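Spelled out, the chains give:
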Amino acid sequence: MSFDPASLSNFILILTAWGGAFLAALWLSLVIWTYRDIRIRARDPLARILATLVTAILFLPGIVIYLILRPSRTLEEEYQSTLEEEALLQSIEEASLCPGCGRKTREIWLVCPGCHIRLKKPCHQCNKLMELPWNICPFCGTPAPGVRRENLTLDEALRPVNPISDETSASPSP
Ligand SMILES: [Zn+2]
Ligand SMILES: [Zn+2]
């Protein structure tokens with residue numbers, strides 16, 4: 001078996017071509033992968049372009065940089081965790097405890113069925129439930145009856161209770 005320099009150079013040529021094709025395919029698939037990955041992680045189009053460019057220009061080191069800097073959660077995961085947080089907050093709000101006996105009460109209860117303590121009061125105008133310390137109804141803007149409001153001028157305090165004239169009538173009385 002004789003050593004043939006021509007076949008060796010052919011072999012190297014084929015190896016180089018194969019390696020080059022492999023690297024090109026790898027580069028292309030990494031760029032495509034980065035683009036797909038950043039698309040489910042970031043809504044910002046500039047971030048998408050930057051991430052894809054980093055991989056396209058820097059190739060393998062670019063992928064490392066992208067993996068370090070990419071948002072840890074996908075948009076879907078972020079949305080799910082927001083939903084979970086909201087559900088958690090809601091369950092905390094719903095499971096409020098009676099200040100009298102400590103048993104669980106519902107948001108819509110007026111009095112505690114266990115100890116008969118007052119939990120809410122109804123608005124005398126729209127009948128929606130208000131927290132006991134509130135002295136104005138957040139739904140219709142009617143001040144609670146018999147509650148002295150702070151920061152009132154004498155003129156305002158003497159005027160009959162009227163929800164509409166609270167903010168709008170700033171004109172001086174004759
Ligand atoms: Zn109670
Ligand atoms: Zn009301």
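Each chain has its residues counted from 1, following the order in which its sequence is written. For naming, the first written chain is A and the first written ligand is 1, with later ones following in the order written. In keeping with the predicted nature of the model, local features appear solely for residues at pLDDT of at least 70, side-chain atom pairs appear and are counted solely at 80 or more, and the whole-chain, interface and lining totals rest on all residues. With hydrogens and water excluded, all non-hydrogen atoms of the structure serve as input to the side-chain values.

A. Highlighting helix α3 (residues 60-69). What α3 keeps buried is the set G62, I63 and Y66. Looking straight down α3, one finds its buried side chains confined to an arc of 100 degrees; they lie on one side. The contact criterion used is simple: two residues touch if any of their non-hydrogen atoms lie within 4.5 Å. Helical segments are the DSSP runs of H or I of at least four residues, strand segments are the runs of E of at least two, and each set is numbered from the N terminus. On its buried side, α3 packs onto α1 (5-39) and α2 (45-58). Exposure categories follow from relative accessible area, calculated using a 1.4 Å probe and restricted to protein chains: below 20% of the type maximum is buried, above 50% is exposed, and the middle band is partly exposed. By arc we mean the arc of the directions from the helix axis to the C-beta atoms, nothing more.

B. Broad picture of the environment of K128. Looking at the element boundaries, K128 is found in the loop between β3 (120-122) and β4 (129-131). A residue is classified by how much of its surface remains accessible, and K128, at 43% relative accessible area, is partly exposed. In this structure the C-alpha to C-alpha distance between K128 and C140, which are 12 residues apart in sequence, comes to 9.0 Å. When near neighbours in sequence (up to four residues on either side) are disregarded, K128 contacts K121, P122, C123 and F139.

C. Representation of the packing of aromatic side chains within the structure. Each Phe, Tyr or Trp ring (for Trp, its six-membered ring) is paired with any other whose centre lies within 6.5 Å, and the angle between the two planes then decides the class: stacked below 30 degrees, edge-to-face above 60, tilted in between. Applying the stated rule across the entire model yields two aromatic pairs. Residues W18 and F22 carry aromatic rings whose centres are separated by 5.9 Å and whose planes lie at 5 degrees to one another, so their mutual orientation is stacked. Here W18 pairs with F22, and both are found in helix α1, just four residues apart, close to one helical turn. Taking the relative accessible area as the measure of exposure, F22 reaches 45% and is therefore partly exposed. Pairing W33 with Y66 gives two aromatic rings, centres 6.0 Å apart and planes at 85 degrees, and the pair type is edge-to-face.

D. Main features of the coordination of the zinc ion (ligand 1). The protein atoms donating to the zinc ion (ligand 1) are C98 (SG), C101 (SG), C112 (SG) and C115 (SG), with metal-donor distances spanning 2.2 to 2.3 Å. One can describe the donor arrangement at the zinc ion (ligand 1) as tetrahedral, given that its four donor atoms subtend angles of 103 to 116 degrees at the metal. In this description, a donor is an N, O or S atom within 2.8 Å of the metal centre, a cutoff extended to 3.2 Å for sodium, potassium and calcium. Water is not part of the atom list, which can make sites seem incomplete. One chain supplies every donor for the zinc ion (ligand 1), spaced along it as C-x2-C-x10-C-x2-C. Here the residue C101 occupies a position in the loop between β1 (96-97) and β2 (104-105), and C112 occupies one in the loop between β2 and β3, the gap between them amounting to 11 residues. The class for C101 is partly exposed, based on a relative accessible area of 38%. In these descriptions, tetrahedral denotes four donors with every angle between 85 and 135 degrees, square planar four donors and octahedral six donors with opposite donors over 155 degrees apart and the rest between 65 and 115, and irregular any other case.

E. Molecular detail of the coordination of the zinc ion (ligand 2). Donor atoms from the polypeptide that coordinate the zinc ion (ligand 2) comprise C123 (SG), C126 (SG), C137 (SG) and C140 (SG), at 2.2 to 2.3 Å from the metal. Coordination at the zinc ion (ligand 2) is tetrahedral: its four donor atoms span angles of 107 to 116 degrees at the metal. Mapping the donors of the zinc ion (ligand 2) onto the primary sequence yields the spacing C-x2-C-x10-C-x2-C. Residue C123 is found in the loop between β3 and β4, and its partner C137 is found in the loop between β4 and α5 (154-158); the two are separated by 14 residues along the sequence.

F. Region of the structure containing the packing of α1 against α2. In this analysis, axes come from line fits to C-alpha atoms, helices being fitted only over the stretch in contact, and the angle between any two N-to-C directions falls in the range 0 to 180 degrees. Taken N-terminus to C-terminus, the directions of α1 and α2 make an angle of 160 degrees; their axes are 9 Å apart at the nearest point. With respect to α2, the element α1 is oriented roughly antiparallel. When the axes of α1 and α2 are compared, the crossing they make is right-handed. Touching W27, L30, V31, T34, Y35, I38 and R39 of α1 are A47, R48, A51, T52, T55 and A56, all from α2. Each residue gets one label: Ala, Val, Leu, Ile, Met, Phe, Trp, Tyr, Cys and Pro are nonpolar, Asp, Glu, Lys and Arg are charged, and the others, such as Gly, are polar. The class makeup of the residues in the contact of α1 with α2 is eight nonpolar, three polar and two charged. Any angle between 65 and 115 degrees counts as roughly perpendicular, while under 35 counts as roughly parallel, over 145 as roughly antiparallel, and the rest as oblique. In this scheme, a crossing is called left-handed if the near helix is turned counterclockwise away from the far one by less than a right angle; it is called right-handed if the turn is clockwise.

G. Local environment of a nonpolar patch on the surface. Taken together, the side chains of I49, L53, I57, L58, V64, I65, I68 and L69 define a hydrophobic patch exposed on the protein surface, amounting to about 800 Å² of accessible area. For the nonpolar patch, the elements supplying multiple residues, two or more each, are α2 and α3. Secondary-structure assignment places I65 in helix α3. According to the relative accessible area criterion, I65 is partly exposed, its value standing at 36%. Like-charged residues are merged into a patch within 9 Å and nonpolar side chains (Val, Leu, Ile, Met, Phe, Trp, Tyr) within 5 Å, provided each residue has over 30% relative accessible area and no salt bridge. Only the protein chains shown count as cover for residues, with accessible areas throughout obtained via the Shrake-Rupley method and a probe of 1.4 Å. Put simply, a salt bridge is a Lys or Arg side-chain nitrogen that is within 4 Å of an Asp or Glu carboxyl oxygen.

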